[in-house]
Amino acid sequence: MASSVSDHDQKYDRQLRLWGADGQARLEKSHFCLLGAGPEGTETLKNLVLPGVGRFTIVDNAKVTERDLANNFFVTEAELGKNRAEVVAAWLHEINPDVKHVDPVVKCPSELIEANPDFVTAYTFIVATDLPEKSLLKVADACFRHKIPLAVVRIYGWMCYLRLQLPSYPVVESKPDNTIPDLRLAVPFPELKAYADSFDLASLDDHKFSHVPFVVLLVKAVQNWRKAEGIADDVIPTPKVKEGILKALNDLKRRGIGGMNFPEASKFAMRTYVPYRVPDEVEALLNDERALNLTKDTADFWVAVAALRQFRLAEGGGRYLPLIGTIPDMETESATFVDIKNVYNTKFEQDIAALQAHVHKLLASVGRDAASITNDYLRHIVRNGFALRNFTFRTMAEEYAVETSAQELFQTTPLVDASSDLKFYFLLRAADRFRTKNGHYPCSILAQELEVELPEYEETVNKLAAEYSVPADFITPGHILEFARWGASSMHNMGAVLGGVAAQEIIKAVTQQWEPLNNTWIFNGMDSTSAQLNL
């Protein structure tokens, strides 16, 4: 029998299970630009090409040297003297022919940035490696102005550095560890109430009784509690009435009848007496200025959030968002499970139709086509209604300016204790300053330069630390000496580590799933430790 699964889906099956068809589609529409084809950039791009990015372009005018043979798996001895960008692009294309590689730009990345930083608008994501500080800040500024995501990947000896600068970054699928089922048991919607009422528990035989869905048991328990206490149907139960509802649930049991439906009902019972509540992160989105004041250029995400706000005020009675529509598995017969799934799905479809009507009105109010936000996108939004998030990133310009940097971070214990990897951040920044002044990294040309260049590098480190009010004893002469001894070397094993982590974080950003790194990751290869810092 012929398989109904396409070759595309078979090829990318593993990641489709992770980030789904929507995430894969976003990845395949992306166009990456890699600035510099060293080991850190090549390893990162490799881990993006394998899952099937749309296109990539490499900017690099360097020739393949013997140093590249030692740290880059995507060059060979036969390619010595050839353009590194062209060689790497050909090998990367070979590992996944589905990915299109645009002809490499044979230019020095820094020169391209200086001549025209707005080149970034041709791409959907920029990956920068080993740029001088001036060029780095210039391309970061262009990315910020044009809302292009930027990832900076660096290797310096036994240190890896990853910095993300993303525009206002909405995440539809943040995939929180603890998901809250949206069952509406305390005040059931009409279709759910009618379905629960269709079960006459007293007339069921023992087998049928032991397979009544826990949702029905809990709706009936709440109804019986209301009757016993004289509570109106529209009153929202609170944790104070927990014991009364649990007693009503227990009263429904039959002596000697087993089954998993009552244990399941006990497990989910708190959903009857803990009031429905929109998570704080989603509440903040509903009241965000971008959702309150739409324009023609407002992103689809914020239009959808504005529509959620309108829905809650109207159809949601000031309390509810659209029903998520998914239900947990439960102990019941297959036909019954299908029936109850259809009950929730019917309500879901009703809410989607109402939400879409709000979207159409909002789009019309700002002069946009009603079809510009699809029904599929709204379904995606509603299915993840409790997991919507938005993240704001400090720009690199703000980070590099002392007055707008994360100064409070640099005086916090234990971040500035002797074991903190934060010290590598200052050592790297100081090495960049040294390079700006001298045209090369400290001690990176000849080993015998160590004694000559170390004092100037140490002075640069101490001056930088003082600017950020870092405790004087945080970065010791021993740290400075060790960092200088590395001579800005790039080792392949460090590139492999960094490439894996960087690609993972970039995929999060492209697919708009999971919470992203915000904003810096440092790996200490000597001790196999790392630090995640919001710099």
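Note that the structure is predicted; figures quoted are calculated from it, not measured. (Residues numbered from 1 in each chain as written. Predicted model: local features only at pLDDT ≥ 70, side-chain atom pairs only at ≥ 80, totals over all residues. Heavy atoms only, no water.)

Colleague: Looking at this structure, how should I read the overall build of the protein chain?
Modeller: Along the protein chain, the regular secondary structure elements total 23 helices and 10 strands. For the protein chain, the spread of C-alpha atoms along the principal axes amounts to about 90 × 60 × 50 Å. Looking at the protein chain as a whole, 52% of its 535 residues are labelled buried. Sequence-distant contacts in the protein chain: of pairs separated by 6 or more residues, those separated by 24 or more amount to 71%. Taken as a whole, the protein chain presents about 24600 Å² of accessible surface, with 52% of it coming from carbon and sulfur. A distance of 6 Å separates the average location of the 56 positive side-chain charges in the protein chain from that of its 71 negative side-chain charges. (Helix = DSSP H or I, 4+ residues; strand = E, 2+ residues; numbered from the N terminus. Buried < 20%, exposed > 50% of the residue type's maximum accessible area, 1.4 Å probe, protein only. Contact = heavy atoms within 4.5 Å. Areas by Shrake-Rupley, 256 points an atom, 1.4 Å probe, with all protein chains shown as cover. Lys, Arg positive; Asp, Glu negative; His and termini not counted. Charge placed at Lys NZ, Arg CZ, Asp CG, Glu CD.)

Colleague: Whenever I open this one, helix α5 (residues 84-95) confuses me. Can you help?
Modeller: For the α-helix, the turn length of 3.6 residues means that residues three or four positions removed from each other point alike. Between the first and last C-alpha of α5 there are 17 Å, a value that for 12 residues agrees with the 16 Å anticipated at 1.5 Å per step. Buried residues of α5: R84, A85, V87, V88, A89 and L92, and no others. Its side-chain oxygen at 3.1 Å from the backbone nitrogen of A85, N83 defines the N-terminal cap of α5. (Expected span 1.5 Å × (residues − 1). Polar contact = N/O pair within 3.5 Å; in protein donor to acceptor, adjacent residues only side chain to side chain.)

Colleague: In this structure, what is going on with the sheet that holds strand β10 (residues 529-533)? I would like to understand it.
Modeller: Backbone hydrogen bonds hold the strands of a sheet together, and the pairing may be parallel or antiparallel. Taken together, the eight strands give an open sheet; going across it, the order is β3-β2-β1-β4-β5-β6-β9-β10, and neighbouring strands pair in mixed fashion. Each having just a single partner strand, β3 (100-101) and β10 make up the two edges of the open sheet. One ladder, built from two bridges, connects strand β2 (residues 55-59) with β3; its direction is parallel. Across the sheet, residue F56 finds its bridge partner in β3, namely H101. Sheet strands touched by helix α3 (residues 39-49): β1 (31-35), β2, β4 (125-129) and β5 (150-156). Its angle to β5, the strand with the most contacts, is close to 130°. (Pairing = 2+ DSSP bridges. Axes fitted to C-alpha atoms, helices over the stretch in contact; angles between N-to-C directions.)

Colleague: Please explain the layout of surface pockets as it appears in this structure.
Modeller: Taken as a whole, the largest pocket spans an internal volume of roughly 1100 Å³. At the level of secondary structure, the elements contributing two or more residues to the lining of the largest pocket comprise α2 (13-28), β7 (169-171), α16 (300-313) and α23 (492-511). For the lining of the largest pocket, the leading source of residues is α16, giving three residues. Among the residues forming the lining of the largest pocket, the class breakdown is 16 nonpolar, six polar and seven charged. If you add up the space inside the second largest pocket, you get close to 680 Å³. In terms of residue class, the lining of the second largest pocket is built from 12 nonpolar, 12 polar and nine charged. (1 Å grid on protein atoms, 1.4 Å probe; cavity = no way out; pocket = protein on both sides within 12 Å on 5 of 7 lines; lining within 4 Å. Points joined across faces, edges and corners; volume = space filled by probe spheres on them. Nonpolar A, V, L, I, M, F, W, Y, C, P; charged D, E, K, R; others polar.)

Colleague: Hey, could you run me through the packing of aromatic side chains in this one?
Modeller: Each aromatic ring pair is summarised here by two numbers: the centre-to-centre distance and the angle between the ring planes. The full count for this structure, using the stated rule, is 20 aromatic pairs. Seen in terms of ring centroids, F32 and F125 are 5.3 Å apart; in terms of plane orientation they differ by 25°. Their pairing is stacked. Remark: F125 occurs in strand β4 and F32 occurs in strand β1; sequence separation between them is 93 residues. The class for F32 is buried, based on a relative accessible area of 1%. Take F125: its relative accessible area is 2%, and that puts it in the buried class. Among the aromatic residues, ring-to-ring pairing joins Y156, F424, Y441, Y457, F483 and W486 into one connected group. The aromatic ring of F348 is capped on one face by R383, whose charged end is 3.8 Å from the ring centroid. (Phe/Tyr/Trp six-rings, centres within 6.5 Å; stacked < 30°, edge-to-face > 60°. Lys NZ or Arg CZ within 6 Å of the ring centre and 35° of its normal.)

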